[in-house]
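Geometric and topological summary
Below are the chains, spelled out letter by letter.
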There are 2 protein chains.
Amino acid sequence: MASTDTTTIVAPDSLPVIEITRDFRAPIAQVFRAFSDPELIPQWLGPREYEFVVDHLDVRSGGSYRYVHRDRDGNEFAFRGCYHTVEAPTTAIQTFEFEGFPGEVSLEFMHLESTGEDVTRGHFTSHYRSLEARNGLIASGMERGLRDSHQRLDELLTRM
Amino acid sequence: MASTDTTTIVAPDSLPVIEITRDFRAPIAQVFRAFSDPELIPQWLGPREYEFVVDHLDVRSGGSYRYVHRDRDGNEFAFRGCYHTVEAPTTAIQTFEFEGFPGEVSLEFMHLESTGEDVTRGHFTSHYRSLEARNGLIASGMERGLRDSHQRLDELLTRM
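Rules behind the numbers
Residues numbered from 1 in each chain as written. Chains lettered and ligands numbered in written order. Predicted model: local features only at pLDDT ≥ 70, side-chain atom pairs only at ≥ 80, totals over all residues. Heavy atoms only, no water. Helix = DSSP H or I, 4+ residues; strand = E, 2+ residues; numbered from the N terminus. Rg over C-alpha atoms; globule rule 2.2 N^0.38 Å. Buried < 20%, exposed > 50% of the residue type's maximum accessible area, 1.4 Å probe, protein only. Contact = heavy atoms within 4.5 Å. Lys, Arg positive; Asp, Glu negative; His and termini not counted. Charge placed at Lys NZ, Arg CZ, Asp CG, Glu CD. Salt bridge = Lys/Arg side-chain N within 4 Å of Asp/Glu carboxyl O. Buried area = accessible area lost by both parts, 1.4 Å probe. Polar contact = N/O pair within 3.5 Å; in protein donor to acceptor, adjacent residues only side chain to side chain. Nonpolar A, V, L, I, M, F, W, Y, C, P; charged D, E, K, R; others polar. Disulfide = S-S within 2.5 Å. Axes fitted to C-alpha atoms, helices over the stretch in contact; angles between N-to-C directions. Parallel < 35°, antiparallel > 145°, perpendicular 65-115°, else oblique. Left-handed = near helix turned anticlockwise from the far one by under 90°. Least-squares fit on C-alpha atoms with pLDDT ≥ 70 in both. Pairing = 2+ DSSP bridges.

On to the overall build of chain A. If you tally the helices and strands in chain A, you get 3 helices and 8 strands. Helices and strands in chain A line up, N terminus first, as β-β-α-β-β-β-β-β-β-α-α. Since a compact globule built from 160 residues should have a radius of gyration of about 15 Å, the 15 Å found for chain A is in line with a globular shape. In terms of overall dimensions, chain A has C-alpha extents of about 40 × 35 × 30 Å along its principal axes. Counting across all 160 residues of chain A, residues that qualify as buried make up 49%. The contacts in chain A between residues at least 6 apart in sequence include a share of 46% that link residues at least 24 apart. Measuring between centres, the 16 positive side-chain charges of chain A sit 2 Å from its 26 negative side-chain charges.

Following this line, the structure appears as structure tokens:
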């Protein structure tokens with residue numbers, strides 16, 4: 001797949017995985033906070049023109065979350081999962097399900113590392129149930145939502 | 001891989017998955033209860049000669065668990081995860097991690113179906129991060145623990 005901005009997306013032929021790498025111009029503690037603070041997540045996660053409605057964001061090991069993206073016509077897209085591990089400032093491991101495709105649960109690993117002064121590299125790997133599920137997600141345009149999210153995250157990190 | 005008793009274990013070459021199928025001689029509601037009741041799980045899960053020590057078993061969608069298998073010499077093997085979905089009487093989706101291999105988190109799907117009068121078929125699929133992780137688990141002897149667990153579960157279902 002193509003890269004967008006500084007976001008690199010790899011979808012290997014052999015495994016039902018998507019691997020995303022992205023550098024952020026901020027210290028690791030700040031990037032981790034943007035990914036784990038229930039007040040901050042709604043400010044950047046998802047397509048820009050969607051409203052982010054929190055059902056619950058209990059961001060801790062053993063917690064869970066559910067949120068809704070609502071578009072301008074009132075259509076709702078709900079997502080939910082549980083947090084296996086949330087460990088500052090490097091690690092989050094969580095499940096993810098779009099309620100529009102019930103049962104297609106994936107497992108997501110986030111690992112942050114400092115790669116320079118105020119530069120943090122994020123490694124994001126999602127594991128899907130099958131190559132079909134992974135390829136279907138890519139075909140559905142996940143890349144656009146991801147690009148929007150990362151640009152909004154850059155803006156948030158600048159404000160912070 | 002070989003089958004043990006009526007337990008069938010399949011580890012496909014191409015995907016980091018283990019697929020287990022097993023029939024239980026009990027109604028689906030009873031089998032589901034054995035898998036989801038915090039009072040019952042310690043009675044069958046794990047090798048027979050190990051003590052099952054509950055840290056917490058909060059078996060519900062969005063809950064989490066941690067338990068310890070303690071052998072006769074006092075060695076402890078701890079396992080933990082979060083419950084993405086617990087939906088009676090058919091479905092459980094949860095993460096799984098052996099704390100001895102931190103970070104090697106897998107995602108487990110359980111689906112129960114009635115296949116006859118008082119016969120319930122369980123489908124258990126575990127998704128690992130890599131073929132190496134999956135193959136390492138098989139080499140470590142997971143099959144023995146699984147066989148013990150299913151035999152103990154049969155005994156519990158008979159008592160119920």
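Once that is clear, we can look at the pattern of salt bridges. Tallied over the full model, the rule gives 22 salt bridges over all chains. In this structure, the salt-bridge partner of A:R33 is A:D37, at a minimum N-O distance of 3.5 Å. For B:D154, the salt bridge identified is with B:R22, shortest N-O distance 2.1 Å. With a gap of 132 residues between them, B:D154 in helix α3 (residues 142–159) and B:R22 in strand β2 (residues 17–24) connect regions that are remote in the sequence.

Moving on, we come to the interface of chain A and chain B. Each side of the interface is counted separately: chain A has 24 residues, and chain B has 24 residues. Together chain A and chain B conceal approximately 1800 Å² of surface at their shared face, both sides included; 63% is due to carbon and sulfur atoms. Counting the contacts that link chain A with chain B gives 8 residue pairs in polar contact (both at pLDDT 80 or more). Broken down by secondary-structure element, the contributors of at least two residues to the side of chain A that touches chain B are β5 (76–87), β6 (91–98) and β7 (106–116) of chain A. Sorting elements by how many residues they give to the side of chain A that touches chain B places β5(A) first, with 6 residues. Here the side of chain A that touches chain B is built from residues that sort into 10 nonpolar, 11 polar and 3 charged.

Further remarks concern the state of the cysteines. Counting across every chain of the model gives 1 disulfide over all chains. Here A:C82 engages in a disulfide with B:C82; their sulfurs sit 2.3 Å apart. Taking the torsion about the sulfur-sulfur bond, which here is approximately 65°, the covalent link between A:C82 and B:C82 counts as right-handed. Taken together, the positions of A:C82 in strand β5 and B:C82 in strand β5 (residues 76–87) put the pair across two chains. Each member of the pair, A:C82 as well as B:C82, is classed as buried.

To continue, consider the packing of helix α1 (residues 28–36) of chain A against helix α3 (residues 142–159) of chain A. Residues and elements named next belong to chain A. Interhelical geometry of α1 versus α3 gives an angle of 120° and a closest axis separation of 11 Å. As the angle between them shows, α1 and α3 are arranged oblique. Pair α1 / α3 crosses with right-handed handedness. Residues Q30, V31, A34 and F35 of α1 lie in contact with α3, whose contacting residues are L153, L156 and L157. Classifying every residue of the contact of α1 with α3 by side-chain character gives 6 nonpolar, 1 polar and no charged.

Before going further, it helps to spend a moment on the relation of the copies chain A and chain B. Its rotation angle being 180°, the transformation that places chain A on chain B also includes 0.0 Å of axial translation and leaves an RMSD of 0.0 Å. Given the turn and translation reported, the copies of this chain are related as if by a two-fold rotation axis. The overlap is high: 100% of the interface residues of chain A also sit at the interface in chain B, so the same surface is used on both sides.

Below, the discussion takes up the side chain of A:S130. Here A:S130 shows up in the loop between β8 (119–127) and α2 (131–139). Separated by 3.0 Å, the side chain of A:S130 and the backbone nitrogen of A:A133 make a polar contact.

Now for the sheet that holds strand β3 (residues 51–57) of chain A. All names here are of chain A. Spatially, 8 strands are ordered β1-β2-β8-β7-β6-β5-β4-β3 in an open sheet, and the strand pairing comes out antiparallel. Two strands lie at the open edges of the sheet, namely β1 (8–10) and β3, each paired on one side alone. Direction aside, neighbouring strands of the sheet carry axes that sit 20° apart on average. When β6 meets β7, the two strands line up antiparallel, connected through 6 bridges. Each residue of the ladder has a partner; that of I93, found in β7, is F109. Where α1 meets the sheet, it contacts β2 (17–24), β5, β6, β7 and β8, and its direction lies at approximately 160° from that of β7.

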